[in-house]
Amino acid sequence: MSMIPHANGSADDTTGADLRSWVEGADGSGFCIQHLPYGVFTKADRSPRVGVAIGDAILDLAAVAAAGGFADAVPDAQALFATDRLNPFMAAGPSVWQATRARVSRLLRAGAPDAHRAAAEALIPRSETTMRMPFEVADYVDFFSSLDHASNAGRLLRPGAATLSPNWRHLPVGYHGRAGTVVPSGTPVIRPHGQRRPPGAEAPVCGPSRRLDVELEVGFVIGPPSTLGGPVPIEHVGEHIFGIALVNDWSARDIQGWESQPLGPFLGKSFATSVSVWVTPLAALEPFRVPGPVQEPPVLDYLRTDHPWGLDLCLEIGLRSPGMVAGGAPHDVISRTGFAGMYWTMAQQLAHATVNGASVRTGDLFASGTVSGPVRGSEGCLLELTRAGREPLPLSDGSTRAFLEDGDEVVLRGSCGGNGRPHLELGEVHGKVMAR
């Protein structure tokens, strides 16, 4: 392989709207040069390794490292990228992330023919690869951070009572999930079985969930770990957050509702959580950061920050029934919503999760909780969209859905951009419901 030319220094602008790439089809795509998300892939003649998506291709970072492309910028690049998980790279910290992103951006941008020719040898069509779980999940925490979702759920599940619990506006409510059942996009979801009490029944039964649901969420992934007993101050959370990915926190509402008395979610959530195979680095999201909403009452000091930790993301849920699959029809979009108005931000979630001295580890996944908006059609789960099943959704094939049925395919999508900013598309999350 040809040696890849490199430039001096690592500081660079990688998000400018005027940047262009020499890679065919990259400009104007959701995987443009301003994005550069990370994933782990295999190819017939290569072991698993770390790559960066650009247009319809993947830049093999292990190949770039072997050709000397990171020689003066990223120490031990071969060990970071010739591996089956992002964890070593995520643990390396912000200075390594910045140097890697700056170097990759320069290799892929228009205007340096020598670098282009050499980098082209490390470029692989995505159609020739198989994507893997991008990182090893250390721990998984799911929050309840959307005011609209919390309010909607309260009205549906506790009619006549207060829509929000007394603590909700004071802290980011969350639960610890099961790291071992976090799976990459495309993994089939086997309908969970468990104990539930059907409406009107005097005793519970054990069997397949009848109220299987989707939850549209955005998760963030931890890079460098923290120290046990030492909270992560909110002004330092950026030193630990590597990037974001879409998350589907599949939920069995009937199992969840019966078991969550008095403790929180358990078997109704632990059977599967799907995550994108591409992780968008926090650096790519700088043009899309916005202030979070005004919080009333004012939060405690450890949750207070003047930095804009909201993200201006557009999100949607697509649903495709077996009838639509048979007819070759695309997914119906059943929800469109935004992420910018989330009441609790990533920074507040991480600060709260560690305020008691709990440490975080490389690969910890923190999900936002269901993202919902204030109007019909902007809710992030079927529980809200169908009013707990009382108002089933009509689909384009003539069928309806209160909750998910066997054979249903769900896709989550996310994007940001426009108004002079580059267009980014988050890695999609796909899952098909299968009977046991």
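Refer to the structure above for everything that follows.
Our subject in this report is the structure included herewith. The shown structure was predicted, so the numbers you read here are calculated from the model rather than taken from an experiment. Every chain is numbered independently, its residues counted from 1 as its sequence is written. Under the rules for a predicted model, residues below a pLDDT of 70 receive no local features and side-chain atom pairs below 80 are neither given nor counted, while totals for whole chains, interfaces and linings still include all residues. Think of the side-chain values as coming from all heavy atoms in the structure, minus any hydrogens and water.

## Some details on the overall build of the chain
Inference 1: Helix and strand counts for the chain come out as ten helices and 27 strands.
Inference 2: Against the 2.2 N^0.38 benchmark of 22 Å for 436 residues, the chain shows a C-alpha radius of gyration of 22 Å, consistent with a compact globule.
Inference 3: Dimensions of the chain along its principal axes, counting C-alpha atoms only, are 75 × 55 × 40 Å.
Inference 4: Only protein chains enter the accessibility calculation, which uses a 1.4 Å probe; a residue whose area is less than 20% of its type maximum is buried, one above 50% is exposed, and one in between is partly exposed. Taken across its 436 residues, the chain has 55% of its residues classed as buried.
Inference 5: A contact between two residues is defined here by any heavy atoms of the two lying within 4.5 Å. Restricting to contacts in the chain with at least 6 residues of sequence separation, those with at least 24 account for 73%. Only DSSP runs of H or I covering at least 4 residues are called helices, and only runs of E covering at least 2 are called strands; the numbering of each starts at the N terminus. Note on method: radius of gyration uses C-alpha positions; expected globular size equals 2.2 Å times residues raised to 0.38.

## Details of the side chain of S270
Inference 1: Assignment of secondary structure puts S270 in the loop between helix 7 (253-259) and strand 16 (273-275).
Inference 2: Beyond its immediate stretch of four places on either side in the chain, S270 contacts R178 and T181.

## Looking at the packing of aromatic side chains
Inference 1: Centre distance within 6.5 Å is the pairing criterion for rings of Phe, Tyr and Trp, where only the six-membered ring of Trp is used; planes under 30 degrees apart are then read as stacked, over 60 as edge-to-face, and the remainder as tilted. If you walk through the whole model with that rule in mind, you get eleven aromatic pairs.
Inference 2: Their ring planes at 20° and their centres at 6.3 Å tell us that F143 and F366 sit as a pair that is stacked. Remark: F366 occurs in strand 22 (residues 365-367) and F143 occurs in strand 6 (residues 140-143); sequence separation between them is 223 residues.
Inference 3: We classify F143 as buried; its relative accessible area is 6%.
Inference 4: Residues Y343 and W344 carry aromatic rings whose centres are separated by 5.3 Å and whose planes lie at 75° to one another, so their mutual orientation is edge-to-face.
Inference 5: A residue is classified by how much of its surface remains accessible, and Y343, at 2% relative accessible area, is buried.
Inference 6: Under the relative-accessibility criterion, W344 is labelled buried at 2%.
Inference 7: Here the aromatic cluster, defined as three or more aromatic residues joined through ring pairs, consists of Y38, F70, F81, F89, W97 and F242.
Inference 8: In our convention, an over-ring charge means Lys NZ or Arg CZ found within 6 Å of a ring centre and within 35 degrees of that ring's normal. Geometry around W309 places R289 over its ring, the cationic atom sitting 4.2 Å from the centre.

## Side note on the environment of R155
Inference 1: Topologically, R155 is positioned in helix 6 (residues 147-157).
Inference 2: For the pair R155 and R387, spaced 232 residues apart in the sequence, the C-alpha separation amounts to 9.6 Å.

## Here's the deal with the nonpolar core
Inference 1: Counting 56 residues, the largest nonpolar core has I244, L313 and L350 as the members making the most contacts within it.
Inference 2: Of all the elements in the fold, those that place two or more residues in this core are strand 6, strand 13 (216-222), strand 14 (241-248), strand 20 (314-320), helix 9 (346-354), helix 10 (382-385), strand 25 (409-418) and strand 27 (429-434).
Inference 3: Contact partners of L350, with chain neighbours within four places excluded, come to F220, I222, V232, V237, H240, I241, V360 and F366.
Inference 4: In this structure, F70, L86, M90 and Y140 belong to the second largest nonpolar core, which totals 50 residues. To form a nonpolar core, buried Ala, Val, Leu, Ile, Met, Phe, Trp, Tyr and Cys residues must be joined to one another through side-chain atoms within 4.5 Å.

## Concerning the sheet that holds strand 2 (residues 46-54)
Inference 1: Pairing between two strands is assigned when DSSP locates at least 2 bridges connecting them. If you walk across this open sheet you meet the five strands as 4-3-2-1-5, and the pairing is antiparallel. Strands at the two margins of the open sheet, each flanked by one partner only, are strand 4 (123-125) and strand 5 (130-131).
Inference 2: Where strand 2 and strand 3 (residues 57-60) come together, four bridges link them in antiparallel fashion. Each residue of the ladder has a partner; that of V52, found in strand 3, is L59.

## Some points on the pattern of salt bridges
Inference 1: Salt bridge, as applied in this entry: a Lys or Arg side-chain nitrogen positioned within 4 Å of an Asp or Glu carboxyl oxygen. All told, the structure shown has 28 salt bridges when counted by the stated rule.
Inference 2: A salt bridge links E379 to R387; its shortest N-O distance comes to 3.2 Å.

## A few points about the pairing of strand 20
Inference 1: With six of seven residues buried, strand 20 lies mostly within the body of the structure.
Inference 2: Two strands pair when backbone bridges link them, and strand 20 and strand 21 (residues 332-338) are joined in this way by six bridges, in the antiparallel orientation. Following the sheet pairing, L319 is matched in strand 21 by D332.
Inference 3: Pairing of strand 20 with strand 25, which is carried by seven bridges, proceeds in the antiparallel orientation. Paired with L319 across the strands is V410, a residue of strand 25.

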